[in-house]
Amino acid sequence: MTLPFNTILAGDCIAMMNSLPAGSVDLVFADPPYNLQLGGELLRPNNSKVEGVDEDWDRFSDFAAYDAFTRDWLKAARRVLKDDGGLWVIGSYHNIFRVGAILQDLGFWMLNDIVWRKTNPMPNFKGTRFTNAHETMIWCAKSSDSRYTFNYDSMKSLNDDLQMRSDWTLPLCTGAERLRKAGRKTHPTQKPESLLYRVIMASTKPGDVVLDPFFGTGTTGAVAKKLGRRFIGCERDSDYIAAAKERIAKVIPVADPSLLMTPSKRSEPRVPFGTVLERGLLTPGDLLFGGTRRDKVAKVRADGTLITDDHRGSIHKVGALVQGAPACNGWTYWHFQASGEDYLPIDVLRQKIRAELH
């Protein structure tokens, strides 16, 4: 069976996933019903009604019914997922703990729980609880043996070259991004594209297949199309399907595939420190400086080694010895005086050579 790429399958998500070939998708992103257990209308201080979630799809008779539903759709998702695939599921305090336990019962391997901290959460109008300002996403692999995708360098680049943390501060879906019909929200829990952007960039590669069993108005599909991934959506509400199709049709994908991924540093060509000297970017006899106060000094030798009063060896070995450390990345530890009082890591010279090689 050929996968229905970039298609919304109308109907029950469990049946739709079970109709797909086993081991055929790279990522599942799921935004299931939260089983909010709401008790009556919620009013603002001015007595205006808050638009909450009162649709039938979020109602379950009891926790046992919700758990059974969760177990069934997760089993179907697990069947369709590749062995090295990943799964994300988002929820609130109403449901995420129950979902997490079932994930572990089914053999999924937990990788992270991500806290989505909302910059613009809805206040607690009654003043009886803390403002509910976050939701939780669980990211897991199919098993502990899975060689799942994690684009570490892409996430670091998105975060101003700092390792990305497991707490993400992003706004709710508002403004022009929020789909509306006759002045009302088309979907009560539409997720912001910024959230899916991170999920898809972090855990898929261009061309991968992303399946969303609770497709709603198509946030997953819109972002997948934009980033050069293929999607499959499952949705049973015809109004949501119509809105999603219209929305996704307007998305213009990135035309140049080379712009979609950050090259991993591990895949970049190896550049020995000696090449820096051969290219004339440093000269034998130049001084390199280490330490936060640049108080460690080494002299560059013609063979690409460094020498101090007490040590001689590679940039890494000497860097470790002068610090009394077990190891050292000499490319980032040692600095050269570029101009005036500016000290730059010698890694900028390596990157210059790599850019020329590319």
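Residues numbered from 1 in each chain as written. Predicted model: local features only at pLDDT ≥ 70, side-chain atom pairs only at ≥ 80, totals over all residues. Heavy atoms only, no water.

Trainee: Help me understand the pattern of salt bridges, please; the structure alone is not making it clear to me.
Mentor: Side chains carrying opposite charge are able to pair once their charged atoms draw close together. Considering all chains together, one arrives at 14 salt bridges under this definition. Two residues, lysine 118 and glutamate 135, come together in a salt bridge whose shortest N-O distance is 2.8 Å. Pair noted here: lysine 118 is in strand S4 (residues 109-118) and glutamate 135 is in strand S5 (residues 134-141), with a separation of 17 residues, a long-range link. With respect to class, lysine 118 is no different from glutamate 135; both count as buried. A salt bridge links arginine 293 to aspartate 295; the nearest nitrogen and oxygen atoms lie 3.3 Å apart. (Salt bridge = Lys/Arg side-chain N within 4 Å of Asp/Glu carboxyl O. Helix = DSSP H or I, 4+ residues; strand = E, 2+ residues; numbered from the N terminus. Buried < 20%, exposed > 50% of the residue type's maximum accessible area, 1.4 Å probe, protein only.)

Trainee: Just to check I follow, could you spell out empty space enclosed by the protein for this structure?
Mentor: To find leftover empty space, one rolls a probe the size of a water molecule over the atoms. By the definition in use, this model includes one cavity of 30 Å³ or more. Its volume calculated, the largest cavity comes out at about 30 Å³. Along the walls of the largest cavity sit Asp26, Leu27, Asp84, Gly85, Gly86, Trp139, Tyr148, Thr149 and Ser203, which together make up its complete lining. Looking at the lining of the largest cavity, the elements that each hand over two or more residues are strand S2 (25-30) and strand S3 (81-91). Ranked by residues supplied to the lining of the largest cavity, first place goes to S3 with three residues. (1 Å grid on protein atoms, 1.4 Å probe; cavity = no way out; pocket = protein on both sides within 12 Å on 5 of 7 lines; lining within 4 Å. Points joined across faces, edges and corners; volume = space filled by probe spheres on them.)

Trainee: I'm lost on the sheet that holds S5 in this one. Help?
Mentor: In any sheet, the strands associate via hydrogen bonds between backbone groups, in a parallel or an antiparallel arrangement. Ordered in space as S1-S10-S9-S2-S3-S5-S4-S6, the eight strands form an open sheet in which the pairing is mixed. Taken across any chain shown, the strands that pair with only one partner, and hence form the sheet edges, are strand S1 (7-10) and strand S6 (167-170). Going across the sheet, the axis of each strand differs from the next one's by a mean of 20°, ignoring polarity. Sheet topology note: the S4/S5 ladder contains eight bridges and is antiparallel. Pairing of tryptophan 116 across the sheet is with glutamate 135, part of S5. (Pairing = 2+ DSSP bridges. Axes fitted to C-alpha atoms, helices over the stretch in contact; angles between N-to-C directions.)

Trainee: Can you help me understand the domain arrangement of the protein chain in this one?
Mentor: A common way to state how big an interface is: give the accessible area lost once the parts meet. By the assigned domains, the protein chain splits into domain 1 (7-259) and domain 2 (273-356). Computed over C-alpha atoms only, the centres of domain 1 and domain 2 are separated by 47 Å. (Domains from an automatic or database assignment.)

Trainee: Would you mind showing me how to read the pairing of S5 here?
Mentor: In regular strands, side chains alternate between the two faces of the sheet. Counted residue by residue, S5 has seven buried out of eight residues, so it is predominantly covered. In terms of strand pairing, S3 meets S5 through six bridges, oriented antiparallel. When the sheet's bridge partners are listed, isoleucine 90 is paired in S5 with methionine 137.

Trainee: Can you help me understand helix H7 (residues 238-249) in this one?
Mentor: Spacing of three or four residues puts side chains on the same side of an α-helix, whose turn is 3.6 residues. When the terminal C-alpha atoms of H7 are compared, their 17 Å separation across 12 residues agrees well with the 16 Å that a helix rising 1.5 Å per residue should span. Residues Tyr240, Ile241, Ala243, Ala244, Arg247 and Ile248 constitute the buried set of H7. Around the axis of H7, the buried residues are gathered within 165° of arc, so they sit on the same side. Seen from the buried face of H7, the exposed residues on the opposite side, beyond 90 degrees, are Ser238, Lys245, Glu246 and Ala249. Check the buried side of H7 and you find it contacts S1, helix H5 (193-203), helix H6 (219-226) and strand S10 (230-235). Two to three positions downstream of the cap, the backbone nitrogen of aspartate 239 sits 2.9 Å from a side-chain oxygen, assigning the N-cap of H7 to aspartate 237. (Expected span 1.5 Å × (residues − 1). Arc of directions from axis to C-beta. Contact = heavy atoms within 4.5 Å. Polar contact = N/O pair within 3.5 Å; in protein donor to acceptor, adjacent residues only side chain to side chain.)

Trainee: Looking at this structure, I do not really get the packing of aromatic side chains. What am I missing?
Mentor: Centre distance and the angle of the planes are the two values used to describe a pair of aromatic rings. Per the stated rule, a full pass over the model turns up 14 aromatic pairs. An angle of 40° between the planes, with centres 5.3 Å apart, marks the rings of phenylalanine 60 and phenylalanine 69 as tilted. For phenylalanine 60, a relative accessible area of 22% corresponds to the partly exposed category. By relative accessible area, phenylalanine 69 is classed as buried at 18%. (Phe/Tyr/Trp six-rings, centres within 6.5 Å; stacked < 30°, edge-to-face > 60°.)

Trainee: Explain the environment of isoleucine 248 to me, please; I cannot follow it from the model alone.
Mentor: Considering the arrangement of structural elements, one finds isoleucine 248 in helix H7. Overall, the relative accessible area of 8% leaves isoleucine 248 in the buried class. As for isoleucine 248 and lysine 225, which are separated by 23 residues in sequence, their C-alpha atoms are 7.7 Å apart. What isoleucine 248 contacts, discounting residues up to four positions off in sequence, is Phe215, Gly218, Gly221, Ala222, Lys225 and Phe231.

Trainee: Whenever I open this one, the nonpolar core confuses me. Can you help?
Mentor: Note that soluble globular proteins tend to have their nonpolar side chains buried in a common cluster. Counting 35 residues, the largest nonpolar core has Phe29, Trp88, Ile90, Met137, Trp168, Leu195 and Val199 as the members making the most contacts within it. When contributions to this core are tallied by element, the ones reaching two or more residues are S2, S3, S4, S5, S6, H5, H6 and H7. Per element, the largest residue contribution to this core is six residues, and it comes from H5. Sequence-distant contacts of methionine 137, defined by excluding residues within four places in its chain, comprise Phe29, Trp88, Val89, Ile90, Asn112, Asp113, Ile114, Trp168, Leu195 and Val199. Within the second largest apolar cluster, 33 residues are counted, among which are Val89, Ile96, Ile102 and Cys140. (Core = buried A, V, L, I, M, F, W, Y, C linked by side-chain atoms within 4.5 Å.)

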